[in-house]
Amino acid sequence: MCWCKTGSGDLTASIAAAKEKVPSVTAELEAMDGKITQAKEDLKTAQDDRVAAKEAMAEATVVREKEAAAFAAEKAENDANIAAMQNAIAALERGMAGGAFSEPTA
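Since the structure is predicted, the reported quantities are computational estimates derived from the model, not experimental observations.

Draft legend 1. Highlighting the overall build of the protein. In terms of regular secondary structure, the protein is built from one helix and zero strands. A burial count over the protein gives 1% of its 106 residues as buried. Of the roughly 9500 Å² that the protein leaves accessible, carbon and sulfur atoms contribute 63%.

Quick look at the structure:
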C-alpha cells in the first residue's frame, strides 16, 4: 500500500483524536496548576509555622535559663540557711548539755 492513499485518512483520524483530547488535557493542566498553587501555599504556611516555632523555642529557652538561674540562687541560699541552722542546733545542744534548761532525768 502506498502512503499517499492511506496516509491522509490516518492523518485525519489522528488530527480528530488530538482535537478531542485538547479539552481534557487543558483541564488536566488547569488542575495541575491549582495543585501547584496549593502546594506553594502549603509550603509557605509550613515555613512560616517553622519560623514561629523556632522563635517560640528561643523565647522559651531564655525564660527557662532565667528560671534555672533563679532556682540555683534560691537553692544555694536555702542550702546555706540549712547548714547554718544545723550548726546552730548543734551549738545549742552542746550549750544546753547539763544546763538549766535540760530535762530532768527521773
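Draft legend 2. How the structure looks around the pattern of salt bridges. Evaluation of the coordinates by the stated rule reveals two salt bridges. For aspartate 79, the salt bridge is made with lysine 75, and the minimal N-O distance between the two is 2.9 Å. Taken together, the residues aspartate 79 and lysine 75, both in helix 1 (residues 3-96) and four residues apart, mark about one turn of the helix.

So, how was this worked out
- Residues numbered from 1 in each chain as written.
- Predicted model: local features only at pLDDT ≥ 70, side-chain atom pairs only at ≥ 80, totals over all residues.
- Heavy atoms only, no water.
- Helix = DSSP H or I, 4+ residues; strand = E, 2+ residues; numbered from the N terminus.
- Buried < 20%, exposed > 50% of the residue type's maximum accessible area, 1.4 Å probe, protein only.
- Areas by Shrake-Rupley, 256 points an atom, 1.4 Å probe, with all protein chains shown as cover.
- Salt bridge = Lys/Arg side-chain N within 4 Å of Asp/Glu carboxyl O.

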